[in-house]
Amino acid sequence: MSLLPLRWGYHTRLELNNIMMSKEAKKNYVAEMKKNFTENESVMIAQYQGLNVNELDELRKELREKGIIFKITKNRITKIALKETEKKDLEKYFIGPTATAISSDPITSAKILTKFSKSNNKLKIIAGFMDGKVLDDKEVSVIATLPSLEEARAKIVGILTSPAQKLVSILLAPGSKIANLARAKSLKN
């Protein structure tokens with residue numbers, strides 16, 4: 001077994017290959033994060049200092065169920081991934097133990113993170129990104145109060161079906177009720 005010189009001392013060829021694979025893995029990770037940042041509309045950033053593994057797993061599970069990517073990354077690697085995206089202004093928020101929630105639905109991400117942070121004060125939302133704009137923690141909290149896409153759709157369907165239901169009930173009513181309704185309308189005018 002021959003030892004090869006390296007900047008930090010002598011290493012075997014196998015150790016040298018592992019070091020190079022580590023660099024390759026980092027490049028792949030940066031490429032993956034850059035792709036996630038580019039393909040998704042929103043990013044929410046939170047600091048998780050003090051959360052244990054079970055608490056992080058609980059949060060991760062809830063986010064994953066809604067299709068949200070939750071990553072705990074090294075800040076340096078995340079900043080490299082952000083540099084060539086429209087979200088590059090988020091770089092300054094990556095200080096300390098930081099996690100990102102990346103998704104195409106900013107409202108759901110904000111709701112889940114805000115709800116979790118209320119029940120567990122160790123998670124602190126520090127910033128977000130939505131519609132080409134960096135959001136501070138207060139703006140993320142406001143977004144969390146908005147109805148989700150599913151809730152908004154349900155409200156719209158309810159509004160649209162309400163007049164139709166009234167029309168159907170009038171049409172299905174006996175003739176005397178229709179006549180009474182027509183008479184009441186004519187008396188108003």
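Computed from a predicted model, the values in this text were never measured in an experiment.

The next subject is the confidence of the model for the protein. Confidence along the protein averages 81 in pLDDT terms, with 75% of residues attaining 70 or more. Within the protein, the element-level pLDDT minimum falls on strand β2 (residues 9-12), averaging 45, and the maximum on strand β3 (residues 42-47), averaging 95. Predicted confidence is poor over residues 1-21, with pLDDT under 50, and the contacts of this stretch with residues over four places away or in other chains come to 16 contacts.

Attention shifts here to unusual backbone geometry. A positive phi is found at Asp131, a non-glycine position, where the angle reads about 50°. Tracing the sequence through the fold places Asp131 in the loop between β6 (124-130) and β7 (133-136). Its relative accessible area of 59% is what places Asp131 among the exposed residues.

The next subject is the sheet that holds β7. The five strands lie next to each other as β4-β5-β3-β6-β7, forming an open sheet whose pairing is antiparallel. Every other strand in the sheet has two partners, leaving β4 (69-72) and β7 as the edge strands with one partner each. For this sheet the average axis-to-axis angle between neighbouring strands, irrespective of direction, equals 20°. On top of the sheet, helix α5 (residues 137-145) reaches β3, β6 and β7; it is set at about 90° to β7, its chief contact.

Rules and cut-offs
Residues numbered from 1 in each chain as written. Predicted model: local features only at pLDDT ≥ 70, side-chain atom pairs only at ≥ 80, totals over all residues. Heavy atoms only, no water. pLDDT = per-residue confidence, 0-100. Helix = DSSP H or I, 4+ residues; strand = E, 2+ residues; numbered from the N terminus. Contact = heavy atoms within 4.5 Å. Buried < 20%, exposed > 50% of the residue type's maximum accessible area, 1.4 Å probe, protein only. Pairing = 2+ DSSP bridges. Axes fitted to C-alpha atoms, helices over the stretch in contact; angles between N-to-C directions.

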